[in-house]
Amino acid sequence: MIERYYNNAIEQVWGDIGKSGHNYMLLRYSNDFSVQKLESVNCLKGQSDVFFACHELDHNEMPSAYEPYLSIVRQMLNCQKELDIEQFMDECDVYSLHRPIIASYFKKGVCKREEAIILGEVAYEQERMMNAIANMLMILTRKQPLMVVINRFQLAARSTIL
């Protein structure tokens, strides 16, 4: 029963992509339920006209930085041909101190920072990083629409909620 409800909801949002402005839906379910096994999720993963990302937050695992948005950006960039990462970061207004970190993540899957962190600037840097990730997603969705399904959103860190 719940699977059919979720399949219908996902298909409804999918059907409205490109037809109306801000497409989003928030569904609430209290039990442990995986959206990865849904029929609609498996059908949409292979589509090329809209980039589909499905992510499960898990209370047994420590989330990665800005999960799942930074990994979605990386996945979308991997689909791009002939992309100059430096030019892309310019277009997205990525803070100069974050460029090596983001470039490292895009190339190796690991964020690596060379400079020391200045504690008084942590809030500023967090805001700049969130803005950069939001800009990256917006710019990438100009080329290809994006649909994101996040299960167990209540487990998201505050920094995850863009």
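Residues numbered from 1 in each chain as written. Predicted model: local features only at pLDDT ≥ 70, side-chain atom pairs only at ≥ 80, totals over all residues. Heavy atoms only, no water.

Caption draft 1: The arrangement of the packing of aromatic side chains in detail. Counted under the stated rule, the structure contains four aromatic pairs. Summarising the aromatic geometry, the rings of Tyr 5 and Tyr 6 are spaced 5.8 Å apart at their centres and angled 85° between planes, so their arrangement reads as edge-to-face. Sitting over the face of the ring of Tyr 105, Arg 74 holds its NZ or CZ atom 5.5 Å from the ring centroid. (Phe/Tyr/Trp six-rings, centres within 6.5 Å; stacked < 30°, edge-to-face > 60°. Lys NZ or Arg CZ within 6 Å of the ring centre and 35° of its normal.)

Caption draft 2: Spatial organisation of unusual backbone geometry. Along the chain, Glu 67 connects to Pro 68 via a cis peptide bond; the corresponding omega equals 0°. Following the sequence through the fold, Pro 68 ends up in the loop between strand S1 (51-56) and helix H3 (69-78). Unlike most non-glycine residues, Asp 93 shows phi in positive territory, near 55°. Relative to the helices and strands, Asp 93 is located in the loop between helix H4 (85-91) and helix H5 (99-108). Overall, the relative accessible area of 49% leaves Asp 93 in the partly exposed class. (Helix = DSSP H or I, 4+ residues; strand = E, 2+ residues; numbered from the N terminus. Buried < 20%, exposed > 50% of the residue type's maximum accessible area, 1.4 Å probe, protein only.)

Caption draft 3: Seen up close, the side chain of Glu 67. Relative to the helices and strands, Glu 67 resides in the loop between S1 and H3. Lacking a salt bridge, the buried Glu 67 has Arg 152 as its closest oppositely charged neighbour, with an N-O distance of 9.3 Å. Polar side-chain contacts of Glu 67 include one of 2.4 Å to the side chain of His 55. (Lys, Arg positive; Asp, Glu negative; His and termini not counted. Salt bridge = Lys/Arg side-chain N within 4 Å of Asp/Glu carboxyl O. Polar contact = N/O pair within 3.5 Å; in protein donor to acceptor, adjacent residues only side chain to side chain.)

Caption draft 4: How the structure looks around the nonpolar core. Counting 24 residues, the largest nonpolar core has Val 73, Phe 88, Val 94, Ile 102, Phe 106, Ile 133 and Met 136 as the members making the most contacts within it. Those residues within four positions of Val 94 in sequence are excluded, and the remaining contacts are Met 89, Arg 99, Ile 102, Arg 128, Ala 132 and Met 136. Judged by nonpolar contacts, the second largest core, of 16 residues, contains Val 13, Cys 54, Met 147 and Val 149. (Core = buried A, V, L, I, M, F, W, Y, C linked by side-chain atoms within 4.5 Å. Contact = heavy atoms within 4.5 Å.)

Caption draft 5: The arrangement of the pattern of salt bridges in detail. Tallied over the full model, the rule gives five salt bridges. As a salt-bridge pair, Asp 93 and Arg 128 come within 3.9 Å of each other at their nearest N and O atoms. Residue Asp 93 is found in the loop between H4 and H5, and its partner Arg 128 is found in helix H6 (residues 122-143); the two are separated by 35 residues along the sequence. Glu 125 serves as the salt-bridge partner of Arg 113, at 2.7 Å between the closest nitrogen and oxygen. Residue Arg 113 is found in the loop between H5 and H6, and its partner Glu 125 is found in helix H6; the two are separated by twelve residues along the sequence. The partly exposed category is assigned to Arg 113, whose relative accessible area is 24%. Linked through salt bridges whose partners overlap, the residues forming this network are Glu 86, Asp 90 and Arg 99.

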